Every structure is written in C-alpha cells, then in structure tokens.
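Architecture at a glance
Spelled out from the first residue to the last, the chains are:
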Amino acid sequence: MNILAFESTCDETAVALVRDGRTVLSDAIASQVDMHTLYGGVVPEIASRKHVEAIAGLADRALADAGLTRADVDAVAVSYAPGLIGAVLVGVNFAKSVALALGVPLIPVHHIRGHIAANYIAHPDLEPPFVCLCVSGGNTLIADVRSYTDMTVMGATRDDAAGECFDKAARVLGIGYPGGAPMDRLAQGGDDTMYELPRSHVEGHPLDMSFSGLKTAVLNLLHNAQQKGEDLNGPGLAASFQRAVSDILVPRVMEAVRQKGYGKLAVAGGVGANSRIRSDLEKVCKEQGIALYLPPLSLCGDNGAMVGSQGYYEYLAGHTADSALNAYANRDLGLG
Ligand code: KG4
C-alpha cells in the first residue's frame, strides 16, 4: 500500500511516499529554519505562509522521486495534531483536497505517533509493545506503546519541552536557532561538572518532568556573570546543561521501562539526536539488558516518512477521516 504523507506542524514542510509502513520510497523536505533564524524562533504566521508556498511542489517532487504517478497513491496521511495551528491547517487542507481529488482514503496521524513510527522505518525488527521517550521541540513525554495504535502517556513535562529548553538556553548563549544541535557541538570536550544546574522533580508524579527551572538557571548564570564582568565557559556550560537534561530524562524513562517490563525502549523526536542523551541511554540500557532503538539523526526531526509509516498502521486499525477532518494545536497521544 502506497501512502502519500504530509507533515506541516512546525517549520518543516515534508511530503513522503511510504510503502506498507516500513519502506520509504521518497521523502521531500523544505526546511524554513533559515527564515526563522532571523527572528530567533519560529514565527507562526511565516511558518503557515511558507507551508502554503512549498507543499504542492513537494508533493510533485515526492511522487517523481519515488518514480510513481498519482494513480499509484492508495491513501493520503497527514499530521493533524499537535502543532502550530495555522501550520497544521495547511497540511490538513492540502491533504484533504488530494484525497478527494484522487478518491483515496484520508488518514489523520498524531504527530508524536509519527515520531514514534520513525523507529519502524529505522528498525525493521521493532514491534510494539515498547516504551518510547518522545523528545521534540514542542513535546516531551514517555509513551507506553502497547500496540501500533494503542498508546498512553506515562509521564510528561509540566512546562517547557526539552527542545524548547535547548533552544532558549542556546538563544541566551547566542549560539543560534534552533539551538539543540549547536549546543550539542559546543558541549563536545566541555567539562560537564563545571556548572551546578537544577534537576527538578514533580512532587507525587515521579515520571513527570519540568524544564523551565533549568532554562531560568542558565539565564541567571549569564546575568550574574555579566554583572561581575566575567565570561562563561561555553563548552563547560553546554556540557553541564546537556548533562542536566539527560539526568532529568534518563532515570524517568528507565523507571517507565522497569514498570512495563517490555525490555524494549525507543527514542523519538528532534532532541533524540542529542549525543549525550543517546550515549547515556546506550550505557544504562546495556547495563540493564534493555534493547534500545535509536532512530538515525535524519529521522529524529520532523519528516514526512514517519507520518506515512504511522498512517499505514492507523489505516489497518480503521482510523480514517472524511473531509470534515480538523486540525488541533493540542491532542492527547492516546486519542490518536
Ligand atoms: O522533532 P523536531 O524536529 O520538531 C518538533 O516536532 O518539535 O524537534 C526540534 C527540536 C529543536 O528544539 C532542536 O533544537 C532539537 O530538536 N534538536 C536537538 C538536537 N538536534 C535537534 N536538541 C538537542 N541536541 C541535538 N543534537
């Protein structure tokens, strides 16, 4: 089954063709990062307009790259939640029109379920059940993936997402947007014990997380240093920061893995590209005999292939929509 999949929830427009959930025939992406960099963050209005400009051309390119024609498309899938609402609406409306024009089913895909499904593309042997750490620019949660389409949130951030925390800390340090990858590079060779940074706990909810205090701590460090006329050690601060983020994420996800007893852990989302988080998880999973599934860096960030993969399993479960499908800024992972 060939699924034409659309992704437009944030600042990447992506259209992919995926066969039977696991084989990527093409994945065309237009990133808007250069534009948003000028403003130090995503400007929602610009994001929507850029999606409008890019999406039709990308759909043609995805078909051409796959060597297919419109007649070969069996269904259309689209990320319909969560995300920047104006941005998501572009993908949803375009996908609805394509499904209508081609006379094929329309499949709504929860964006985070898509991130999780990136692992099905990267790891042909991976099947639910497993626990998944989903860490992106807009969301941070631990999912109990009981089946391809039955999943619940075991714990989540109460405030900022991990990626948001990376981006804001990086902005304070003046190392660019989006800040995760530059922060990761800056941290290489830095002393991760140089700065004391907080690891917060949510009273009574051991799997929940909080990142806003960490972000504020970086800001305070910078202000204090400026007041004293001192320089901060960039690599030391970046390494200490990454260690703090990892110290918040890793014990919680390993506790979730212990509770579920599946013996399998997957990672999903843009922050899943972080070298410190990856190596800490590799170490602890090896010690505890847990099978760890890390997507390649190319599948950590937003892409269309992940939507096509999850779309296949949603279709098999009978989850299709009609032209009344709407877009949502927020939506529980469990609802799909
Ligand atoms: O999954 P994604 O592409 O978009 C959302 O769905 O939100 O994630 C983007 C986030 C950004 O916050 C970016 O700074 C972060 O992923 N990111 C990283 C790294 N590469 C990207 N964060 C930490 N370390 C990285 N190497």
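In what follows, the accompanying structure is described. Not measured: the values here are computed from a predicted model.

The next subject is the layout of surface pockets. Estimates place the volume of the largest pocket at around 1400 Å³. For the largest pocket, the lining is made up of 49 residues, of which Cys10, Ser136, Gly137, Gly138 and Asp167 are closest to its centre. Residue assignment for the lining of the largest pocket shows that the elements contributing at least two residues are α4 (111-122), β8 (151-156), α5 (162-173), α6 (180-187) and α10 (297-300). In terms of residues, the lining of the largest pocket owes the most to one element, α5, which gives six residues. In this structure, the second largest pocket encloses a volume near 180 Å³. Lining the second largest pocket we find Leu4, Ala56, Ala59, Asp60, Leu63, Arg70, Val73, Phe94, Val98, Ala101 and Leu102. Counting only elements with at least two residues in the lining of the second largest pocket, the list comes to α2 (44-66) and α3 (85-102).

Inspection of every chain in the model, using the stated rule, returns eight aromatic pairs. Between Tyr80 and Tyr328, the ring centres sit 6.0 Å apart and the planes meet at 85 degrees, which makes this aromatic pair edge-to-face. Here the residue Tyr80 occupies a position in strand β4 (residues 75-81), and Tyr328 occupies one in the segment after α11 (305-316), the gap between them amounting to 248 residues. A cation sits over an aromatic face here: Arg331 above Tyr328, 5.3 Å from the ring centre.

Attention shifts here to the sheet that holds strand β10 (residues 291-293). Read across the sheet, five strands follow the order β8-β7-β6-β9-β10 without closing on themselves; strand pairing throughout is mixed. Of all the strands in the sheet, just β8 and β10 have a single pairing partner and so form its edges. Strand-to-strand twist across the sheet, computed as the mean angle between neighbouring axes with direction ignored, equals 25 degrees. The strands that helix α8 (residues 234-260) touches are β6 (130-135), β7 (140-145), β8 and β9 (264-268); relative to β6, the one it contacts most, it runs at about 160 degrees.

Strand order in the open sheet formed by five strands is β3-β2-β1-β4-β5, and the pairing between neighbours is mixed. Across the chains shown, the open sheet's two edge strands, defined by having one partner strand only, are β3 (23-31) and β5 (106-110). Strand-to-strand, the axes of this sheet are offset by a mean angle of 20 degrees, without reference to chain direction. Relative to the sheet, α2 contacts β1 (2-7), β2 (12-19) and β3, its axis offset from that of β2 by approximately 25 degrees. Lying on the sheet, α3 is in contact with β1, β4 and β5; it crosses β4 at an angle near 160 degrees.

Time to look at the site of the ligand. Around the ligand sit 21 residues, and of these Gly137, Asp167, Gly180, Gly270 and Asp302 come closest. At 2.8 Å from an oxygen atom of the ligand is found a main-chain nitrogen or oxygen belonging to Gly137. In isolation the ligand offers 550 Å² of accessible surface; the protein chains occlude 87% of this area. A molecule is said to occupy a pocket when more than half its atoms come within 2 Å of that pocket's grid points, and by this definition the ligand occupies the largest pocket. When contributions to the shell around the ligand are tallied by element, the ones reaching two or more residues are α4, α5 and α6.

A large share of β9 lies buried, amounting to five of its five residues. Burial of the side chains of β9 extends over both faces: Lys264, Ala266 and Ala268 are buried on one face and Leu265 and Val267 on the other. Where β6 and β9 come together, four bridges link them in parallel fashion. Bridge pairing in β9 links Cys132 to Ala266. One crossover worth recording links β9 to the parallel β10 by way of helix α9 (residues 275-288), and it is right-handed.

Bringing the environment of Leu325 into the picture now. Of note, Leu325 is situated in the segment after α11. Residues Leu325 and Leu106, spaced 219 residues apart in sequence, show a C-alpha to C-alpha distance of 9.0 Å. Sequence-distant contacts of Leu325, defined by excluding residues within four places in its chain, comprise Val78, Tyr80, Val92, Lys96, Leu106 and Pro108.

This paragraph deals with the nonpolar core. Of all hydrophobic cores here, the largest spans 42 residues; its most connected members are Phe211, Leu214, Phe241, Met254, Leu265 and Leu281. Counting only elements with at least two residues in this core, the list comes to β6, α5, α6, α7 (212-228), α8, β9 and α9. No other element matches the 13 residues that α8 contributes to this core. Grouped together as the second largest cluster of nonpolar side chains are 34 residues, Val18, Met151, Tyr293 and Val307 included.

Basis of the calculations
- Residues numbered from 1 in each chain as written.
- Predicted model: local features only at pLDDT ≥ 70, side-chain atom pairs only at ≥ 80, totals over all residues.
- Heavy atoms only, no water.
- 1 Å grid on protein atoms, 1.4 Å probe; cavity = no way out; pocket = protein on both sides within 12 Å on 5 of 7 lines; lining within 4 Å.
- Points joined across faces, edges and corners; volume = space filled by probe spheres on them.
- Helix = DSSP H or I, 4+ residues; strand = E, 2+ residues; numbered from the N terminus.
- Phe/Tyr/Trp six-rings, centres within 6.5 Å; stacked < 30°, edge-to-face > 60°.
- Lys NZ or Arg CZ within 6 Å of the ring centre and 35° of its normal.
- Pairing = 2+ DSSP bridges.
- Axes fitted to C-alpha atoms, helices over the stretch in contact; angles between N-to-C directions.
- Contact = heavy atoms within 4.5 Å.
- Near = heavy atom within 4 Å.
- Polar contact = N/O pair within 3.5 Å; in protein donor to acceptor, adjacent residues only side chain to side chain.
- Areas by Shrake-Rupley, 256 points an atom, 1.4 Å probe, with all protein chains shown as cover.
- Sits in = over half its atoms within 2 Å of the grid points.
- Buried < 20%, exposed > 50% of the residue type's maximum accessible area, 1.4 Å probe, protein only.
- Right-handed = clockwise from strand over helix to strand, strands pointing away.
- Core = buried A, V, L, I, M, F, W, Y, C linked by side-chain atoms within 4.5 Å.

So yeah, pure geometry; function would need other evidence.
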